[in-house]
Amino acid sequence: MTYSLTWDLESIFPGGSQSPELQTRLTQLTEEIAELTNLIQQLDLTSPDASAQLTVVLTKMTNVSNGLNQCSTFVEALTSQNVNDHQAKLLGGQLALLYPQFQGATVPLALKYAACPDEQWQQLLADPRLAAIAFRLNEERRDGQDSLPEAQENIINQLALDGQSAWSEHYDTIVSSIEIPFTKEDGTRVNLSAGQAFNKMMGDPDPAVRADLFAKWETAWSKPTELFADTLNHLDGFRLTDYKLHGITDFMKQPLQDNRMSKTTLAAMWQTISANKQPFVDYLNRKAALMGKEKLDWQDQDAPVIVGDFKERTFTFDEAAAFIIQHFGEFSPKMAAFAKSAFEKCWIEAEDRPGKRPGGYCAGLPETKESRIFMTYGNAIGEVATLAHELGHAFHSSVMWDLPSMNQDYAMNVAETASTFAELIVADANLQGATTPEEKINLLDIKMQNAIAMFMNIHARFLFEQDFYTARQKGLVASSEITEKMLTAQKEAYCDCLGSWHPHFWSAKLHFFIDDVPFYNFPYTFGYLFSLGIYAKAQATGTGFEDQYIALLRDTAAMTTEELAQKHLDVDLTQPDFWQAGIDVLKKDIDEFMTLTEAFLPA
């Protein structure tokens, strides 16, 4: 089978950024939002037929929400595949105007929830039509109790268009101009996009190529540093002002609430990681020694470890697809069938070409009950894991499409569960197939790269954002100070074990500039360790765990994270034991890596 390297967007809205069908749907959504507004205004939660009224309102709200998400995913796909599609950017602006209208319609609903007497509220939740979404309705009621009066909330939502959202879009505009000069082996000079340069800089086997690209990469991201600083200051400044207006002084309240987890759980996770960093430092130092260095440089973290005469295995896109489908099937036939269908239906944009935005993601299309995956595939074995990761996200969504819409709204931390789980399947499959010590060293290194990203790189991002937000509460933060904060965070998170750093990482990382998700970092580490626990249980249970796994995924938006772990894994996330167990699994991999590499150390 030969699979397409480009995705199918025509089946969503034909015609790309000129699609008449998209314009029709946007017009319909404007009308549907108006209808929803009227329904909510007429809603009386104290009336005898309150349950029936609310059911009608929620049905209409689901239709609007699904339509907005369908259009948003499509427009994001257009701008991702071609950062120079200016018409798509205009469509993004057009779509952005609808969100405040939708929020303006739903704010009164949350306020009505908050005003509903407790006894009446409990009667509503007891209705069979609403009982299944009681957890989510209680969340909406809590948000209503924390809300400002309706007029003020609507003003904030309107101002966000040219405030928080605009600054996030401004970042994308700056990034679209980033190009990295590179000279190919034949002497041809080309300009690489940010995505192309990043893949080559972090994965090329030639250390000279990596070092050259990293120097140019740092320069490229440092040149517009004042623009990036303005953007970050005003984006997060808007968010902090919003918090202040709502009486929120703890900037971690919203990220934790968004992820349905407690501060105690987050602290337990980071404290356990921090207490166990030495083996990971030892691994990085050993990797440096194998490369003939005293310390590893920043750009070497994801570089392959090649010892002896071993040549790292590469996978064409078709080979990657076959490998993923095969090994998904050994755990879950349903996962394998889903992945095969995603490849066959061209849901994946993987082509390596100029003009694409950097990074990768998976986004859902709730009206057609599909997903689309974006990445730039380059045949490296690590990119097979990335592909599996995004397919894991898509599988998670697929097992929830039949649930009430509100119960599909899982948080980011558990969103990383299925994706990381899928990565672990592929990583272990590669390891089990290794036939020589040289190959096993290479594969263990690839597996450990993920752990380093979760425990050190993402820890640095978390530390940086905490420091930046604390400073931003007092006023604007100078670009030089922002850069210094990034450097300090990296040194702390990596225990100062690298030979060089990436001080302008803060400007190069999209995650810091996302407007709708604060602290786009710690949920990744949570999902990684949570997945390790699930994976360990899956290995102990065998193929019979498939149904248990899907049951867990289906519950991810219907309870707190702590409740989810207790129900499906019988563990307490507020205690260090669970986190330590996952880290101990990784330490065994490090021990094996250290033992196998002894024979290959330079004399």
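Keep in mind that this is a model prediction, so the values were computed, not measured.

### Description of the overall build of the chain
Then step 1. Of regular secondary structure, the chain possesses 25 helices and five strands.
Then step 2. Taken over the C-alpha trace, the chain has a radius of gyration of 24 Å; the compact-globule value for 603 residues is 25 Å, and the two agree within 12%.
Then step 3. Taking the principal axes of the C-alpha coordinates as reference, the chain spans close to 85 × 55 × 50 Å.
Then step 4. Within the chain, the fraction of its 603 residues that count as buried is 56%.
Then step 5. Pairs at least 24 residues apart make up 76% of the contacts formed inside the chain by residues separated by at least 6 positions.

### A short note on the pairing of strand β2 (residues 189–193)
Then step 1. One ladder, built from five bridges, connects strand β1 (residues 179–183) with β2; its direction is antiparallel. Within β2, the residue paired with T183 across the bridge is R189.
Then step 2. Taking the residues between adjacent antiparallel strands as the criterion, β1 and β2 are bridged by five residues, where G187 takes a positive phi near 90°.

### Regarding the packing of aromatic side chains
A ring pair, where both rings are aromatic, is described by two values, the distance of the centres and the angle of the planes.
Then step 1. Per the stated rule, a full pass over the model turns up 43 aromatic pairs.
Then step 2. Seen in terms of ring centroids, F198 and W217 are 5.8 Å apart; in terms of plane orientation they differ by 50°. Their pairing is tilted. Of the two residues, F198 sits in helix α9 (residues 194–203) while W217 sits in helix α10 (residues 207–222), which places them 19 residues apart along the sequence.
Then step 3. Taking the relative accessible area as the measure of exposure, F198 reaches 35% and is therefore partly exposed.

### Regarding unusual backbone geometry
Then step 1. Positive phi, normally seen in glycine, also occurs at N379, with a value near 75°.
Then step 2. Along the chain, N379 turns up in the loop between β5 (370–374) and α17 (381–398).

### As for the pattern of salt bridges
Then step 1. Applying the stated criterion across every chain yields a total of 34 salt bridges.
Then step 2. Salt-bridge contacts for R25 lead to E367; the nearest nitrogen and oxygen are separated by 2.7 Å. Here the residue R25 occupies a position in helix α1 (residues 20–42), and E367 occupies one in the loop between β4 (361–365) and β5, the gap between them amounting to 342 residues.
Then step 3. The partner of D445 in a salt bridge is K287, and the shortest N-O contact between them spans 3.0 Å. Residue D445 is found in helix α19 (residues 437–472), and its partner K287 is found in helix α14 (residues 278–290); the two are separated by 158 residues along the sequence.

### Points about the sheet that holds strand β3 (residues 348–349)
Across a sheet, strands are paired by hydrogen bonds formed along the backbone, either parallel or antiparallel in direction.
Then step 1. With mixed pairing, three strands are arranged side by side in an open sheet as β3-β5-β4. Each having just a single partner strand, β3 and β4 make up the two edges of the open sheet.

### What about the nonpolar core?
Then step 1. Among the nonpolar cores identified, the biggest contains 154 residues, and F328 and F455 are the most heavily contacted of them.
Then step 2. The dominant element in this core, judged by the number of residues it contributes, is α19, at 18 residues.
Then step 3. Discounting residues that sit within four places of it in the chain, F328 has contacts with P333, M335, A336, A339, A388, L391, A422, I425 and V426.
Then step 4. Counting 45 residues, the second largest nonpolar core, distinct from the first, contains L26, I40, Y113 and A363.

### Notes on the environment of V414
Then step 1. With respect to the secondary-structure elements, V414 resides in helix α18 (residues 412–432).
Then step 2. Judged by relative accessible area, which is 2%, V414 ranks as buried.
Then step 3. Sequence separation between V414 and N259 is 155 residues; the distance between their C-alpha atoms is 7.9 Å.
Then step 4. Beyond its immediate sequence surroundings of up to four residues, V414 is in contact with H396, F526, T556, T561 and L564.

### Details of helix α24 (residues 561–569)
Then step 1. Turning to α24, its buried residues number three or more, namely T561, E562, L564, A565, H568 and L569. In a view along the axis of α24, the buried residues occupy a sector of 160°, so they form one face of it.
Then step 2. Its buried side turned inward, α24 meets α13 (263–274), α18, α22 (522–541), α23 (545–554) and α25 (576–597).
Then step 3. One or two residues past the end of α24 sits D570, with phi positive at roughly 60°.

### Things to note about the packing of α14 against α25
Then step 1. Packing of α14 against α25 brings their axes to within 10 Å, and their N-to-C directions diverge by 25°. In this view, α14 runs roughly parallel relative to α25, as classed from their interaxial angle. Judged by the twist between their axes, the crossing of α14 over α25 is left-handed. Touching P279, F280, D282, Y283, R286 and L290 of α14 are I583, L586, K587, I590, F593, M594 and T597, all from α25.
Then step 2. A per-class count over the contact of α14 with α25 returns nine nonpolar, one polar and three charged.

### Points about the side chain of R239
Then step 1. Following the sequence through the fold, R239 ends up in helix α11 (residues 225–245).
Then step 2. Contact partners of R239, with chain neighbours within four places excluded, come to Q164, Y469, I514, D515, D516, V517 and P518.

### Looking at helix α6 (residues 134–145)
Then step 1. A rise of 1.5 Å per residue sets the reference length of α6, with its 12 residues, at 16 Å; its end C-alpha atoms lie 16 Å apart and thus fit the reference within 8%.
Then step 2. Looking at α6, one finds that the buried residues are A134, R136, L137, E139, R141 and G144.
Then step 3. Structurally, α6 contributes buried residues whose contacts are with α2 (50–81), α3 (86–115), α4 (118–126) and α5 (128–131).

### What to know about the side chain of D589
Then step 1. Mapped onto the elements, D589 comes out in helix α25.
Then step 2. For D589, the contacting residues outside a window of four places in its chain are L444, K447 and M448.

The rules we used
Residues numbered from 1 in each chain as written. Predicted model: local features only at pLDDT ≥ 70, side-chain atom pairs only at ≥ 80, totals over all residues. Heavy atoms only, no water. Helix = DSSP H or I, 4+ residues; strand = E, 2+ residues; numbered from the N terminus. Rg over C-alpha atoms; globule rule 2.2 N^0.38 Å. Buried < 20%, exposed > 50% of the residue type's maximum accessible area, 1.4 Å probe, protein only. Contact = heavy atoms within 4.5 Å. Pairing = 2+ DSSP bridges. Phe/Tyr/Trp six-rings, centres within 6.5 Å; stacked < 30°, edge-to-face > 60°. Salt bridge = Lys/Arg side-chain N within 4 Å of Asp/Glu carboxyl O. Core = buried A, V, L, I, M, F, W, Y, C linked by side-chain atoms within 4.5 Å. Arc of directions from axis to C-beta. Axes fitted to C-alpha atoms, helices over the stretch in contact; angles between N-to-C directions. Parallel < 35°, antiparallel > 145°, perpendicular 65-115°, else oblique. Left-handed = near helix turned anticlockwise from the far one by under 90°. Nonpolar A, V, L, I, M, F, W, Y, C, P; charged D, E, K, R; others polar. Expected span 1.5 Å × (residues − 1).

Any link to function would need more than the numbers given here.
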